[in-house]
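# Commentary on secondary and tertiary structure
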Amino acid sequence: LNSEYGWSKMLLGTKKAIYYLMVFTLLSLYLLRHRFPSNSISTLFSFAETTDSIPATSAHRQVVAAASSSRNYVSPVTSTMRPNVILALADDLGWGDVQYNKGNAFTPNLNRMAHSPNSILLQRYYSGGPVCSPTRGTLLTGRNHNRYCVWTANFAGRRRGDFVMPETMPLPLSEITVAEVMREAGYSTALFGKWHLGDFKPLKDGNKKWPVSHPGQHGFEQWLATERSAPTCTINCGCKQFQNSTCVTGHYGDRPPCTNYYTNKSAGIESWPDPILGDDSHFIWSLAADYIRDQVKSTKPFFLFLPFHTVHKRYIATEHYRDIYLKKNYSLDEADYYGAISAMDEVIGLLRELLEELGIKNNTLLWFSSDNGPELHTPGMTNGLRGAKYSLYEGGVRVPSVIEWPDAIRSNRESWFPVMSNDVLPTIYDMLNIQPKDDYSIDGISILPFLQGKASQRNQPMYWAYNINGNFNNSYSISTSGDRYKLVVRYKNGKPQHYELFDLVNDLAERNNLS
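Residues numbered from 1 in each chain as written. Predicted model: local features only at pLDDT ≥ 70, side-chain atom pairs only at ≥ 80, totals over all residues. Heavy atoms only, no water.

## Structural notes on the side chain of S479
Our working rule: The helix and strand labels rest on DSSP assignments: H or I over at least four residues marks a helix, E over at least two residues marks a strand, and numbering proceeds from the N terminus. Under the rule applied, a polar contact is a pair of N or O atoms within 3.5 Å (in protein, one hydrogen donor and one hydrogen acceptor; residues adjacent in sequence only if both atoms are side-chain atoms). Only heavy atoms enter the contact rule, under which two residues are in contact if any of them lie within 4.5 Å.
Inspection of the secondary structure assignment puts S479 in strand 18 (residues 475–481). Engagement of the side chain of S479 in a polar contact is seen with the backbone oxygen of L487, the distance being 3.4 Å. Other than its neighbours up to four places away in sequence, S479 contacts L392, M462, Y463, W464, K486, L487 and V488.

## Topic: the side chain of H196
Following the sequence through the fold, H196 ends up in the loop between strand 4 (188–194) and strand 5 (222–226). Non-local contacts of H196, meaning those with residues more than four positions away in its chain, are made with C132, S133, R136, A153, N154, T226, E227 and R228.

## Notes on the pattern of salt bridges
As a reminder of what qualifies: By convention in these notes, a salt bridge is any Lys or Arg side-chain nitrogen within 4 Å of a carboxyl oxygen on Asp or Glu. A 1.4 Å probe rolled over the protein chains alone gives each residue an accessible area, and that area as a share of the maximum for its type sets the label: buried under 20%, exposed over 50%, partly exposed in between.
The full count for this structure, using the stated rule, is 20 salt bridges. Linking E394 and R398 is a salt bridge whose minimum nitrogen-to-oxygen distance equals 2.7 Å. R398 matches E394 in its accessibility class, with the two residues each being buried. In this structure, the salt-bridge partner of R484 is D503, at a minimum N-O distance of 3.0 Å. One end of the pair, R484, is in the loop between strand 18 and strand 19 (485–492); the other, D503, is in strand 20 (residues 495–503), and 19 residues separate them in sequence.

## Digging into the environment of H498
Topologically, H498 is positioned in strand 20. Using a relative accessible area of 35% as the deciding quantity, one classes H498 as partly exposed. Residues H498 and V488, 10 residues apart in the sequence, show an inter-C-alpha distance of 8.2 Å. With residues near it in sequence (within four places) discarded, H498 still touches V488, V489, R490 and N513.

## Focus on the pairing of strand 1 (residues 84–90)
Threshold: Strand pairing is assigned whenever DSSP identifies at least 2 bridges connecting the two strands.
The element strand 1 is extensively covered by neighbouring structure, given that 7 of its 7 residues are classed as buried. Alternating residues of strand 1 divide into N84, I86, A88 and A90 and V85, L87 and L89, and every residue in both groups is buried. Of the strand pairs in this sheet, strand 1 and strand 13 (residues 364–370) are connected by 7 bridges, and their pairing is parallel. Bridging across to strand 13, V85 finds its partner in L365. Sheet analysis places strand 1 next to strand 12 (residues 302–307), joined by 5 bridges and oriented parallel. By the bridge assignment for strand 12, I86 is matched with L304.

## Section: the packing of aromatic side chains
Just so we agree on the cut-off: We call Phe, Tyr and Trp rings a pair once their centres come within 6.5 Å, taking the six-membered ring for Trp, and we label the pair stacked below 30 degrees between planes, edge-to-face above 60, and tilted otherwise.
In total, this model carries 19 aromatic pairs according to the counting rule given. Taken together, a centroid distance of 5.9 Å and an interplanar angle of 85 degrees make the contact between Y291 and F302 edge-to-face. Here Y291 is found in helix 5 (residues 280–298), whereas its partner F302 is found in strand 12, with 11 residues between them in sequence. By the burial criterion, Y291 is buried, and F302 matches it. Ring geometry for Y337 against Y338: centres 5.7 Å apart, planes inclined by 85 degrees, an arrangement best described as edge-to-face. Since its relative accessible area comes to 1%, Y337 is described here as buried.

## Examining the packing of helix 6 (residues 319–326) against helix 7 (residues 332–357)
Going by this rule: Axis definition: a line fit to C-alpha positions, over the contact stretch in the case of helices; interaxial angles, taken between N-to-C directions, run 0 to 180 degrees. Angle categories are assigned with fixed cut-offs, so that under 35 degrees is roughly parallel, over 145 is roughly antiparallel, 65 to 115 is roughly perpendicular, and the rest are oblique. Crossing handedness is read from the near helix: turned anticlockwise from the far helix by less than a right angle, it gives a left-handed crossing, and turned clockwise, a right-handed one. We call Asp, Glu, Lys and Arg charged. Ala, Val, Leu, Ile, Met, Phe, Trp, Tyr, Cys and Pro are nonpolar, and the rest, Gly among them, are polar.
Two elements in contact, helix 6 and helix 7, have axes whose closest approach is 8 Å; the angle formed by their N-to-C orientations is 125 degrees. Considering their axes alone, helix 6 and helix 7 lie oblique with respect to each other. Crossing of helix 6 against helix 7: the hand is right-handed. Residues Y321, R322, Y325 and L326 of helix 6 form the contact with helix 7, whose participating residues are L332, A335, D336, Y338, G339, S342, A343 and E346. Across the contact of helix 6 with helix 7, the residue classes break down as 7 nonpolar, 2 polar and 3 charged.

## What about the packing of helix 5 against helix 7?
Where helix 5 meets helix 7, the axes come as close as 10 Å, and the angle between the chain directions of the two elements is 10 degrees. Judged on the interaxial angle alone, helix 7 and helix 5 are roughly parallel. In this structure, helix 5 contributes S281, H282, W285, A289, I292 and R293 to the contact, and helix 7 contributes A343, M344, E346, V347, L350, L351 and L354.

## Looking at the confidence of the model for the protein
Residues shown with low pLDDT carry predicted positions that ought not to be read at fine detail. Note the threshold: pLDDT expresses, on a scale from 0 to 100, how confident the predictor is about each individual residue.
Taken as a whole, the protein shows an average pLDDT of 79; of its residues, 72% reach a score of 70 or greater. In the model, residues 1–79 has pLDDT below 50 throughout and makes 92 contacts with residues more than four positions away in sequence or in other chains. Every residue in residues 156–166 scores below 50 in pLDDT, and together they form 26 contacts with partners more than four places removed in sequence or on other chains.

## Considering helix 5
Formally: By this rule, a helix spans an expected 1.5 Å times one less than how many residues it contains.
Its 19 residues place the ends of helix 5 28 Å apart at the C-alpha level, agreeing with the 27 Å of an ideal helix rising 1.5 Å per residue. With a side-chain oxygen positioned 3.1 Å from the backbone nitrogen of S281, the residue opening helix 5 is D279. At the exit of helix 5 stands T299, carrying a positive phi of roughly 60 degrees.

## Observations regarding helix 9 (residues 424–431)
Within helix 9, 8 of the 8 residues are buried, which leaves it mostly tucked inside the rest of the structure. Taken together, the buried positions of helix 9 are V424, L425, P426, T427, I428, Y429, D430 and M431. Close packing links the buried residues of helix 9 with strand 1, helix 3 (132–141), helix 4 (178–184), strand 13, strand 16 (419–420) and helix 10 (448–451).

## Regarding the environment of A340
As for its position among the elements, A340 is in helix 7. For A340, a relative accessible area of 0% translates into the label buried. C-alpha separation for the pair A340 and V311, spaced 29 residues apart in sequence, amounts to 6.5 Å.

The following block contains the structure:
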């Protein structure tokens, strides 16, 4: 070996060994990929970990150094391993309403989900709007709600002879939704709960300014839904306003008492024929559980959207949950509010248990969030965030959110990476390896690299524009936010009147205007 020939011979043998090793490795990976398609290569290697788990103290909320945002994922989603997707959406649930954010409501199941080994607690998750309909539009389309004229919470003339907000339109049929994309990709699709993106039947006065827009027209094969808010606990009390409706029980007299559930039948849109008793979240769960079991039997991947009515006004708790809080000396209003949240939390627990029981938990992306911050003049909490529902400050749009997906998330982390409801559809596109239309603008981003630990900065701003009266000719607010800074601009008569700039890393409560 001391001779030149000896070294050359050894090096030549080493090169051959390395060559054969590389060939063997590539051949093994190929066989694993194609001979056993049900097991992706991603199951063989752990996803890279990120350092975006930041302590909750403001002093430590630092902007994490940019990591690679490469789109070379560990494994693409193939037709043989497509994950199920469940979106669970609370209504008017504030960032501080959940127990893990120091809320008064007991939410043990959300706590477990937030701290499970395969979940990410999103502490900077944002709704696409500060009220119901706009956020629901952004969640389904990936686009800012102002693009399609869903300016604010939409409702036609149910309580008046004419439109209350004629400028606010239903979700146009031309919009591409998550349900449509997944249905075309071979998924079964369903929605059970609150729609709030259009009416299901034409108005009685025949006014064509308010076209019908129901879930079945937007990609949902199965659905049972209300047009707008509903009591969180109901009994059948023979309301005359709508047949087969449910009526609120308790201490509210300032809201219409009746709400109809509708479903799609062969004969058209029909009311749900049976009385709907008890807690509304559990009624929605009964439909969802049957649907999930049916899809597992069919071996078809599914997309399930569960927009709960909790904890929108007309929040009523069943006696069981109400008593928990009354015994702790909370007021009746507080007991109903927190009790309704606890009932919905129990449904989240039942859902997670069912996924485990059916053996599909690992291959199911479960994403919980809320449509906006807490309603004014309710027990709702923001845990110190400024503003509430209707506001573009953090308290109006930063909401609770947790993602659980064992096949993709290999360790629990609490994240301050900015995510918003507009990101759902682009993430689905990315997950299914589908390219959106070139001429169709999408405002959200795919967070798949973030879920897989390959991105720690958003690097694309989020933005909002909102006016509570649905009329942008007068005054309105615009807000844009990135990884650290947030700008809020108030307009009047088309001209900017007031600027506010906040450092969300060091000023989460938005008290120090830097502009």
